Amino acid sequence: MTAVDRNSAAGGTSATAAPPAVEARGFSFWYGKTQALHDIDLVIPNRAVTALIGPSGCGKSTFLRAINRMNDTVPGVRHEGAMLLDGEDVYDRATDVVELRSKIGMVFQHSNPFPRSIYDNVAYGPRINRAMPSWELDKLVELSLKRAVLWEEVKDRLKSSALGLSGGQQQRLCIARALANEPEILLLDEPASALDPGATQKIEELLFELKSQLAIVIVTHNLQQAGRSSDNTAFFYLGRLIETGLTETIFTRPREERTEAYITGRFG
């Protein structure tokens, strides 16, 4: 990738006008002998939603998981380059991975509430990561559920099992659980793919509310969702970052022919 290509891929002024939340520099990633990401340069801006799009197997979920080192759980992985958070490489040997994942929360494709009460799901992280009196924990649970726009629906049944919630409610509970750790960044991997349109709309409205508070990165196959929900979009193809920039620009005036072909449905 040339210097001009790197500047183009980094997203221009939309991604560099403010200090970044995360920055990948020449980041490559392998599963054993299979290279999944090739020399990625990408800036994730603060207080904005960045959508990662591309066909299945293009590397977007691998990149998302690389941000908070979720890929570390897979045997035989390795990387080259840097993934910077607050100017520090998250892959530095001195990095506390538990602390890293409290700073970078993650919500998966399928909701995965613990088989515990609604309250205990949200309180789980804070109880592990720091000591606090019960009244302070109560306030944090309430605040996290309010931030996830779930409080009014569950405030009278906090001691009930989280497994009794609807699919959409469970996904918002998982978001509340991540928010309880007061992260700087929230990663979402296809968070609405298993939800009905009404629940999907609530998730998208939630992202709009949350982006004023932290950086959000979302992987989605739904181009309409990316167009509605994100401020910036990055298009991945065959493990490479093809183009990134303002979502409106990517969807209406892409620079790269491959981006236009994907956006218009000619492949994918």
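Draft legend 1. Here's a closer look at the environment of Asp89. Within the fold, Asp89 resides in strand E5 (residues 88-89). Placed 65 residues apart in sequence, Asp89 and Ala24 show a C-alpha to C-alpha distance of 9.2 Å. Not counting residues within four places of it along the chain, the set of residues in contact with Asp89 comprises Gly81, Ala82, Met83, Leu84 and Thr95. One polar contact links the side chain of Asp89 to the main-chain amide nitrogen of Met83, over a distance of 3.2 Å.

Draft legend 2. Main features of the sheet that holds strand E10 (residues 240-246). Sheet architecture is open: six strands sit in the order E6-E7-E8-E3-E9-E10, paired in mixed fashion. The open sheet has two free edges, formed respectively by strand E6 (104-107) and E10, since each of these has just one partner strand. Strand-to-strand twist across the sheet, computed as the mean angle between neighbouring axes with direction ignored, equals 15°. Relative to strand E9 (residues 232-237), strand E3 (residues 49-53) runs parallel, the two sharing four bridges.

Draft legend 3. Summary view of the sheet that holds strand E2 (residues 34-45). One open sheet accounts for four strands, arranged E2-E1-E4-E5; its pairing is antiparallel. The two strands at the open ends of the sheet, each matched to only one other strand, are E2 and E5. Where strand E4 (residues 77-85) meets E5, two bridges bridge the pair, whose relative direction is antiparallel. Looking at the pairing, Leu84 lines up with Asp89 of E5.

Draft legend 4. Region of interest: unusual backbone geometry. If you check the backbone angles, Val149 has positive phi at about 55° while not being a glycine. Even without glycine at this site, Glu182 takes up a positive phi of about 55°. Here Glu182 lies in the loop between helix H8 (167-179) and strand E7 (185-189).

Draft legend 5. The arrangement of the packing of helix H6 (residues 134-147) against H8 in detail. Two elements in contact, H6 and H8, have axes separated by 8 Å at closest approach and are oriented at 130°. On the basis of the axis angle, H6 is oblique to H8. Every pair of crossing elements has a handedness; the one defined by H6 and H8 is right-handed. Together, Ser144, Leu145 and Arg147 of H6 and Leu173, Ala176 and Leu179 of H8 make up the contact between the two elements. Here the contact of H6 with H8 is built from residues that sort into four nonpolar, one polar and one charged.

Draft legend 6. Representation of a negative patch on the surface within the structure. A surface patch of negative charge is lined by Asp86, Glu88, Asp92 and Glu184. For Glu184, the location among the structural elements is in the loop between H8 and E7. Look at Glu184 and you get partly exposed, because its relative accessible area is 31%.

Rules used throughout
Numbering of residues starts from 1 in each chain and follows the order in which that chain's sequence is written. In keeping with the predicted nature of the model, local features appear solely for residues at pLDDT of at least 70, side-chain atom pairs appear and are counted solely at 80 or more, and the whole-chain, interface and lining totals rest on all residues. To get the side-chain values, take all heavy atoms of the structure and skip hydrogens and water. A run of H or I in DSSP becomes a helix once it reaches four residues, and a run of E becomes a strand once it reaches two; helices and strands are each numbered from the N terminus. Note on contacts: a residue pair qualifies if any of its non-hydrogen atoms lie within 4.5 Å across the two residues. Nitrogen and oxygen atoms within 3.5 Å of one another constitute a polar contact, given that in protein one can donate a hydrogen and the other can accept it, and given that sequence-neighbouring residues count only through two side-chain atoms. We treat two strands as partners when DSSP finds at least two bridges between them. Only the stretch in contact is used when fitting a helix axis, every axis being a line fitted to C-alpha atoms; angles between N-to-C directions are given from 0 to 180 degrees. Note on terminology: angles under 35 degrees are roughly parallel, angles over 145 are roughly antiparallel, angles of 65 to 115 are roughly perpendicular, and the others are oblique. Working rule for handedness: look at the near helix, and if it is turned counterclockwise from the far one by less than a right angle, call the crossing left-handed; if clockwise, right-handed. We call Asp, Glu, Lys and Arg charged. Ala, Val, Leu, Ile, Met, Phe, Trp, Tyr, Cys and Pro are nonpolar, and the rest, Gly among them, are polar. Residues qualify for a patch when their relative accessible area is over 30% and they have no salt bridge, like charges being joined within 9 Å and the nonpolar side chains of Val, Leu, Ile, Met, Phe, Trp and Tyr within 5 Å. Residue burial considers only the protein chains on display, and all accessible areas are found by Shrake-Rupley using a 1.4 Å probe. Criterion for a salt bridge: a side-chain nitrogen of Lys or Arg within 4 Å of a carboxyl oxygen of Asp or Glu. For the purpose of counting charges, residues Lys and Arg are taken to be positive, whereas Asp and Glu are taken to be negative. His and the chain ends are not included. Charge placement uses NZ in Lys and CZ in Arg. For Asp and Glu, CG and CD serve respectively. The buried label goes to any residue with under 20% of its type's maximum accessible area, the exposed label to any with over 50%, and the partly exposed label to all in between, with areas taken from a 1.4 Å probe on protein chains only.

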